[in-house]
Amino acid sequence: MDSTNSVVINGYANAFYQGQGLSNEFMNKLIFGGYIDDQLKDQTEQKLLNFGNRLAFGFSTGIKCYVATDRLLNNPNWNFAVNADYIELNSSTYSKDLFHIIFSGNADRIGQNMELGPSYINRIVFQKLGLNLAHKSNNCEFGVSFVKGQSHFALAANQMTLHTESDLSAISLETNTYMQSANKQGNKIGAFNGAGFALNFTYSLPIKVKNHQSSSLSKETVATKEIGTITLQMDNIGAVAWNNSPSTYQIDTTYSYAGYEVDNLFNIDNVNWVDENTISDSILPQPRVSNYWTVLPAVFNLVYVSKLTTSHPLGSVAGARYQLNADMKPMVYGGVNIRLHRKLSTSVIGIVGGYGTITTGIRINYSSNLIRAFASCNNVIGLISKKGYGKNINLGLQCRF
Amino acid sequence: MRKLLCLYFSILLLFFGCRKESTTWDADYALPLIHTKLDIGNLLGDTNLLVHADSSLSLSIQREIYRMDVDSFFETPDTTISQIHKLLTPATLSIGPGFTFISEAEESTYSIAGAELKYFMLKGGVLNYELISYVTGPTIDSIILPCATKAGVEFSEVLYVPTSDGITPAIVAGSVDLNGYEFDLTGSNGLKYNTMTSKASSTIDPAFSSNVTISQADSIRINVSFQDISPARALGYFGNDLIEIPLDSVAIPYMENIVSGSLDIDQVQLDVTIKNGLGVDMQVNIEQLNSLNTTSIVALTHSSIGIPINLTRPMKTGWTVASEIHTESFSNSTSNLDEFLENLPKEMSYSAQLQLNPFGDVNSHGDFFNYEYPLHANINLEVPLCFAANKLTLQDTLPIQIDQDTTNIQSGSIIINAVNNFPLSAEIQAFVLEENGLFTDSIATSTTIEPAVLNLSNEVISSSTSQVILTVNKDQITRLMQTDQLLIKVVFNTANLPSMIKIMDWHDIDLNLNVILNYQHTIN
């Protein structure tokens, strides 16, 4: 925030889905509709690892309003900001066999074990309302937010083995699964199933180098020049207490289903041979209702961006990112930063990790006195090609008044 | 600024607002559905099987085909006996309280369906009475039956009759349960039959405050009727009625499910047993015994059919009767019983005649009856389960209920894994009950479960394993899930035809019914 502006409003939105092994052709049909045929299922399954496949989709958006004041803490260097955010993250780690039983079934695995675990599913939806303090000269910012928990579901199937007997006489499921669910008030945005807090911290460190200038033969002046900025950003460090009668299930059992046992086929009453309730009741034990805490999917981001000038229109960008409780791998990226115009720059990066393997990203920045905006994509190929894996788009807008 | 915001939301809409149709995919799920083990007891009922020392089995069917309704012998007339009691003198009398002005004994003889009874005891029945009084004062009246006693106490009913105005009668009505009453029907002199003795008396209520003027016009009428008389015991002469047992039929269990094919049965035995506890001389004539199926009738031929059979009267000690048992046996050698049964009868029809006391009252009114010792006829059919079946086709309905939404099921297979220890093969077809009430849609073509492996003596030495796959399409699955009845049609063939095979008590078939469903997942 420049000292010349009294109010600055930042808005952002991020939406993505990505899964290593799950092509856009598959995901497009899964998300946007269409028939997933056997060929597509087979092609997709061939790309999957036996274990540890990742899939996530999420959406987040928010707004932050900075207000310049000279009276905060009696120090003209401090500004304050209020923020409101909506964050939804669905992530999972799954085995190839879990994919197979969902999309192809178990009919071709008769007489075999299907290792459905270890598999994990996490879903969290929450909103934040926070207050931030920003130090103008040190480029740092600290905030604390109240978190309203909308919905939470977590399944941790450390072991889940499905065995179909070779003569189909029984199906057995051996599992050690832990499940939590906090959705008593429903899953809509108004649902208040938990409460918590979140901290965020941002610190930007300008990188300067000495610039030797010779004004005469006998005298040399030394000046510093800013060549870039390293920014450390931590967001959503906190937790939510799910306290609206959430359910917890602990399933550590071997369940075997052998069909309906008929004593005498010629003398049976009218019975329901396939009763889903009976089956689910026997697999799923009674839940334990007690409050629990979950750690928020905190984001850690460290990024270096070189400063672009007319004389140096080409720079670099590099960084690393990790998110807790999100079934993702640490992500590192690096690339070039190009000044296209006085108000326009772009960067192209390569990304390793996250929910994908290797992807390409692009970002376009616009900057004027009153408006700054950016649009970026961490998966360019995925955005335009069916052969890509996932889609990602980030939008940001800053308005200065 | 506005343009930028529009762009911002347009991109978001582009990203998330593109869902146009449902997401669908097919997956094939294999599930066990039913497991069952069937032995011959499941099919024929354990109580109908005899296990022999060598573990072979016989089907034993015992049924009562006739029981004599003895109550009909002793039907009392459906009339009301009416007696009028009045003063014997024509004079008008002024009678004080406590004075008995009528006391009369009478005998009534009943006609009891040709029988001449000396005694009977009732296990049910009601005596209805109605007393109509024109006496202009309250009376206490008694109806006494000296011939009827219960535990040694004679029947006596005391009635309190209110005052009549001499024009409108006072009426008292009621009924008495006659259960347990014994009746001596020999009259007051002990020599008569069907005769009951009774007494009636009428006394001015001693509590009445004044005299009552009575003339011959002040009569008392007593109407008595019997209802629902059910004798427990009787003694006398029961007449010589000819009792017709009209053509009737009895269903043969399990046979109704056989719709076609042929059965070659080895030795069979049919016993018709008449057990007589009725103390009369009797002749029985079994007029006909027929094997009926939907297309043909085979009449049983035997030396006893159509010929009167004399039944000896049983002896009794006190009222304990030693029933006489008469058995007529039918076998392959003495009759056409194998042909009779190989007709695969769904019913057996019969008619007969019973002649009571064909030689008259030769026992001097010594006929007796105790309801605990009736006359009844039973059949006992014993068929060793040693036979040859050629395309013997059984069909039966099977109630099912599968309350599932089948919208997403595209097709499927029902897989029957059978381990068969029976020396019979079975071809299975299943039909779904249609809305019109007909079983028209076969959900499966004929497929065969192989018979067990036999040795040269046609004995089972090991089981056979068969897998039958019934493929059903979406339409058939929908109907299968929605119907509440399946028609199962099974065609049996014994192994090594035309040789006969024996069914043993350890023969069984283990069935696993499994399904593979092609399920279409849909995400809207």
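Residues numbered from 1 in each chain as written. Chains lettered and ligands numbered in written order. Predicted model: local features only at pLDDT ≥ 70, side-chain atom pairs only at ≥ 80, totals over all residues.

**Details of the overall build of chain A**
Here is step 1 of the chain: Helix and strand counts for chain A stand at 5 helices and 21 strands.
Here is step 2 of the chain: Here chain A holds 401 residues, and 30% of them are scored as buried.
Here is step 3 of the chain: Of the contacts formed within chain A by residues at least 6 apart in sequence, a portion of 64% connects residues at least 24 apart. (Helix = DSSP H or I, 4+ residues; strand = E, 2+ residues; numbered from the N terminus. Buried ≥ 20, exposed ≤ 12 C-beta atoms within 10 Å, placed from the backbone. Contact = placed C-beta atoms within 7 Å.)

**Re the overall build of chain B**
Here is step 1 of the chain: Assigned secondary structure in chain B consists of 4 helices and 37 strands.
Here is step 2 of the chain: Relative to its 524 residues, chain B shows a buried fraction of 30%.
Here is step 3 of the chain: Counted over contacts in chain B with a minimum sequence separation of 6, partners at least 24 positions apart contribute 84%.

**Digging into the sheet that holds strand 26 (residues 375-384) of chain B**
Residue and element names in this part refer to chain B.
Here is step 1 of the chain: The strand order 2-3-26-17-23 describes an open sheet built from 5 strands, whose pairing is antiparallel. This sheet does not close on itself; its edge strands, each paired only once, are strand 2 (49-51) and strand 23 (324-331). With direction set aside, neighbouring strand axes in the sheet form an average angle of 25°.
Here is step 2 of the chain: Of the strand pairs in this sheet, strand 2 and strand 3 (residues 57-67) are connected by 3 bridges, and their pairing is antiparallel. (Pairing = 2+ DSSP bridges. Axes fitted to C-alpha atoms, helices over the stretch in contact; angles between N-to-C directions.)

**Side note on the environment of Thr139(B)**
Here is step 1 of the chain: Examined against the element boundaries, Thr139(B) turns out to sit in strand 8 (residues 139-150).
Here is step 2 of the chain: Note on Thr139(B): 29 C-beta atoms within 10 Å, which makes it buried.

**Brief notes about helix 3 (residues 96-103) of chain A**
Here is step 1 of the chain: Among the residues of helix 3 of chain A, those classed as buried are Asp97(A), Leu98(A), Phe99(A) and Phe103(A).
Here is step 2 of the chain: Structurally, helix 3 of chain A contributes buried residues whose contacts are with strand 2 (34-36), helix 2 (38-47), strand 4 (78-94), strand 5 (113-115) and strand 6 (119-135) of chain A together with strand 1 (23-39) of chain B.
Here is step 3 of the chain: Among the residues trailing helix 3 of chain A, Gly105(A) stands out with phi positive, at a value near 90°.

**Comments concerning the pairing of strand 3 of chain B**
All names here are of chain B.
Here is step 1 of the chain: If you look at the hairpin formed by strand 2 and strand 3, you'll find 5 residues sitting between the two strands, and Ser55 has a positive phi there, around 75°.
Here is step 2 of the chain: Across 9 bridges, strand 3 lies against strand 26 in antiparallel orientation. Looking at strand 26, one finds that Glu64 is bridged to Asn378.

**Digging into unusual backbone geometry**
Here is step 1 of the chain: The linkage connecting Gly117(A) with the following residue, Pro118(A), adopts the cis geometry, with an omega of 0°.
Here is step 2 of the chain: Within the secondary structure layout, Pro118(A) lies in the loop between strand 5 and strand 6.
Here is step 3 of the chain: Residue Leu497(B) is joined to Pro498(B) through a cis peptide bond whose omega torsion reads 5°.
Here is step 4 of the chain: Its location among the elements puts Pro498(B) in the loop between strand 35 (485-494) and strand 36 (501-502).
Here is step 5 of the chain: The phi dihedral of Leu168(A) falls on the positive side, at around 65°, and the residue is not glycine.
Here is step 6 of the chain: Residue classification places Leu168(A) among the buried positions, given that 25 C-beta atoms sit within 10 Å.
Here is step 7 of the chain: A positive phi is found at Asp228(B), a non-glycine position, where the angle reads about 55°.

**Concerning the nonpolar core**
Where a protein is soluble and globular, its nonpolar side chains tend to be buried together.
Here is step 1 of the chain: Within the largest apolar cluster, 95 residues are counted, with the highest numbers of intra-cluster contacts made by Phe120(B), Phe183(B), Leu270(B), Val284(B), Leu337(B) and Phe492(B).
Here is step 2 of the chain: One finds Val240(A), Trp242(A), Leu296(A) and Ala326(A) within the second-largest nonpolar core, a separate group that totals 36 residues. (Core = buried A, V, L, I, M, F, W, Y, C linked by C-beta atoms within 7 Å.)

**Description of the confidence of the model for chain B**
All names here are of chain B.
Here is step 1 of the chain: With 93% of its residues at a pLDDT of at least 70, chain B reaches an overall mean of 85.
Here is step 2 of the chain: Model confidence for chain B, summarised as mean pLDDT per element, is weakest for helix 1 (residues 2-16) at 44 and strongest for strand 33 (residues 460-462) at 95.
Here is step 3 of the chain: Of the regions scoring below 50 in pLDDT, residues 1-17 engages in 14 contacts with residues more than four places distant in sequence or in other chains. (pLDDT = per-residue confidence, 0-100.)

**Some words on the environment of Asp248(B)**
Residue and element names in this part refer to chain B.
Here is step 1 of the chain: Counting through the fold element by element, Asp248 comes out in strand 15 (residues 242-251).
Here is step 2 of the chain: Since 13 C-beta atoms lie within 10 Å of it, Asp248 is described here as partly exposed.
Here is step 3 of the chain: Residues Asp248 and Ala352, spaced 104 residues apart in sequence, show a C-alpha to C-alpha distance of 9.6 Å.
Here is step 4 of the chain: In this structure Asp248 touches Ser349 and Tyr350, once residues within four positions along its chain are discounted.

**Structural notes on the environment of Thr163(B)**
Residues and elements named next belong to chain B.
Here is step 1 of the chain: Within the fold, Thr163 resides in the loop between strand 9 (153-161) and strand 10 (170-177).
Here is step 2 of the chain: The exposure class of Thr163 is partly exposed, given the 15 C-beta atoms found within 10 Å.
Here is step 3 of the chain: In the structure, Thr163 is positioned 29 residues away from Tyr134 in sequence and 7.8 Å away in space, judged by C-alpha atoms.
Here is step 4 of the chain: If sequence neighbours within four positions are ignored, Thr163 has contacts with Thr136, Gly137, Pro138 and Ala170.

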